[in-house]
Amino acid sequence: MDFLRTLTDSCCPAFPHPRQAIVMQDDLIVASEKVSNDMTASVLLESGGEKEYRVLPWPNPLKPKSVKYFIYKDQDETVVPGMELQPTGNGFRAPQQLPLSLPSAAEIASWPLDLSLPQFKWNQDLLDKVRPVQAGERPWVIVLMGTPGIGKTHLLNHGTVEQKEAVDAKIGRKVPWDNIFFKQIDDAIHNAARAQLEKLWAECEKIEDPHECFRYYWSSKQQIFTRFAVDKPDVSESNPKPASYEFRLGVEIVKKLTQPGQLYNVAMETTGLTPGLVKFGLTAPHYAEYHKLVILVEMDDLEQARTITHSRLIREMNSCSMLGGEQFGKYLDVIAEKAKETFKVCEELARTKNKELDDAGSGGGRWHTYHVKNSFHLDPSVQRRIDEFYGHKAPIDKDGDE
């Protein structure tokens, strides 16, 4: 069974339950079972018996139309989608038991979200780099969509004048490229989970085998992202509509950016895996008067994106800094296809919304879409970082090598 097809078809009847455990071997699904509430899964063995496995979410346990879990076998064997696996006598070598001692979702829910507090200085620093729109100007909300490593952040922060003028010409409006607050999930998680990330980087220094080190880092970082960006506490009388830390913090940031009389241009990035989130975000009441722009960024060769994200994760370990998300490998193919589907949804939504505005004679903000197809040659250091890591585990980034 093809791994990519398995992922993209995971919403089909073959995977009817919203909580699935997946055991993989050589890119083949060899078991798919329901996950119990205590995060264990009973998997049928070839011998006819059953065995209980501990599971962790991958890539997102709250999205029923995506693969839900990968399995840790006895905490020392695993098969992780999208990785270069190292076979052992009993299957595949896995990361050590995760040492991160992450705070629970309930504990995180008690953390204050007052943006004036010292722990949110990073957000104020970003805000200080931009200014509210002037009276008479219409603000913008921009969503950049696509797989990791293909240039979404680069387009906004470092795109050439020609690239940005091409967008302006296509949509028939001037985008205020030099005055946009870029709201990124990485900033929220990096600062909230700083202690866990620092501990993770220190643990990685102790692992001699580079393959083991990389798998350990990736799976641990996935756990951190899941805890802060996905997990939410149980429903309670005091918290009837719980949400993840990243969602709640995002709400507070957007409130600050969309205060009447002091509106900011806002940009966000997303993989596009979930059309509903994009639609929900752009149709929120606080963006009613904003121009909307959805940009799909693609790359002509996804193999380069796989190389970039692989190298970036290694660079994070080498430099002890977080530079992006946690997705990489074959899963990027899934994201790329889903992003195109989501972009089509956004194009149709834009046509519908603009027609409604025109029919009503409204002067409100309009909807725009734009498609970027990147084609570029990788800097040799990107692949060299990978080669040196697996060959000699040389920390080239600590010497400032880019």
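**Some points on the sheet that holds strand β9 (residues 140–145)**
Strand pairing in a sheet takes place through backbone hydrogen bonds and is either antiparallel or parallel in direction. Across the sheet, which stays open at both edges, the five strands sit in the order β10-β13-β9-β14-β15 with parallel pairing between neighbours. In this open sheet, the two edge strands, each paired with only one partner strand, are β10 (181–183) and β15 (367–374). This sheet shows a mean twist of 20° between the axes of neighbouring strands, independent of strand direction. Pairing geometry for β9 and strand β14 (residues 291–299), over six bridges, is parallel. Opposite Val-143, over in β14, you have Val-294 as the bridge partner. On top of the sheet, helix α10 (residues 275–282) reaches β9, β13 (266–270), β14 and β15; it is set at about 170° to β9, its chief contact.

**A word on helix α6 (residues 185–192)**
All buried positions along α6 are accounted for by Asp-186, Ala-188, Ile-189, His-190 and Ala-192. For α6, the secondary structure elements touched by its buried residues are α3 (121–127), α7 (194–206), α8 (210–229), α9 (245–257) and β13.

**Some details on the confidence of the model for the protein chain**
With 72% of its residues at a pLDDT of at least 70, the protein chain reaches an overall mean of 76. Mean pLDDT across the elements of the protein chain ranges from a minimum in helix α1 (residues 3–8), with 24, to a maximum in α3, with 96. Low pLDDT, under 50, characterises residues 1–99; the predicted model gives this stretch 224 contacts beyond four residues in sequence or across chains.

**Re the environment of Thr-342**
Mapped onto the elements of the fold, Thr-342 is located in helix α12 (residues 331–359). A C-alpha to C-alpha distance of 5.8 Å links Thr-342 and Gly-272, two positions 70 residues apart in sequence. In contact with Thr-342, not counting residues within four places along its chain, are Met-145, Gly-272, Pro-275 and Val-278. Side-chain polar atoms of Thr-342 contact the backbone oxygen of Gly-272, separated by 2.4 Å.

**What about the pairing of β15?**
Within β15, six of the eight residues are buried, which leaves the element mostly enclosed by the surrounding structure. Direction of pairing for β14 relative to β15: parallel, over a ladder of eight bridges. Paired with Ile-295 across the bridge in β15 is Tyr-370.

**Topic: the pattern of salt bridges**
A side chain with one charge can pair with a side chain of the opposite charge if their charged atoms come near. Applying the stated criterion to the full structure yields 15 salt bridges. Residue Lys-174 pairs with Asp-168 through a salt bridge whose shortest N-O separation is 3.6 Å. Among the ionic pairs, Arg-384 bridges to Glu-388, the shortest N-O distance being 3.2 Å. Placement of both Arg-384 and Glu-388 in helix α13 (residues 380–391) is noted, with a separation of four residues, approximately one turn of the helix. For Arg-384, a relative accessible area of 32% gives the class partly exposed.

Reading the values: rules and limits
- Residues numbered from 1 in each chain as written.
- Predicted model: local features only at pLDDT ≥ 70, side-chain atom pairs only at ≥ 80, totals over all residues.
- Heavy atoms only, no water.
- Pairing = 2+ DSSP bridges.
- Helix = DSSP H or I, 4+ residues; strand = E, 2+ residues; numbered from the N terminus.
- Axes fitted to C-alpha atoms, helices over the stretch in contact; angles between N-to-C directions.
- Contact = heavy atoms within 4.5 Å.
- Buried < 20%, exposed > 50% of the residue type's maximum accessible area, 1.4 Å probe, protein only.
- pLDDT = per-residue confidence, 0-100.
- Polar contact = N/O pair within 3.5 Å; in protein donor to acceptor, adjacent residues only side chain to side chain.
- Salt bridge = Lys/Arg side-chain N within 4 Å of Asp/Glu carboxyl O.

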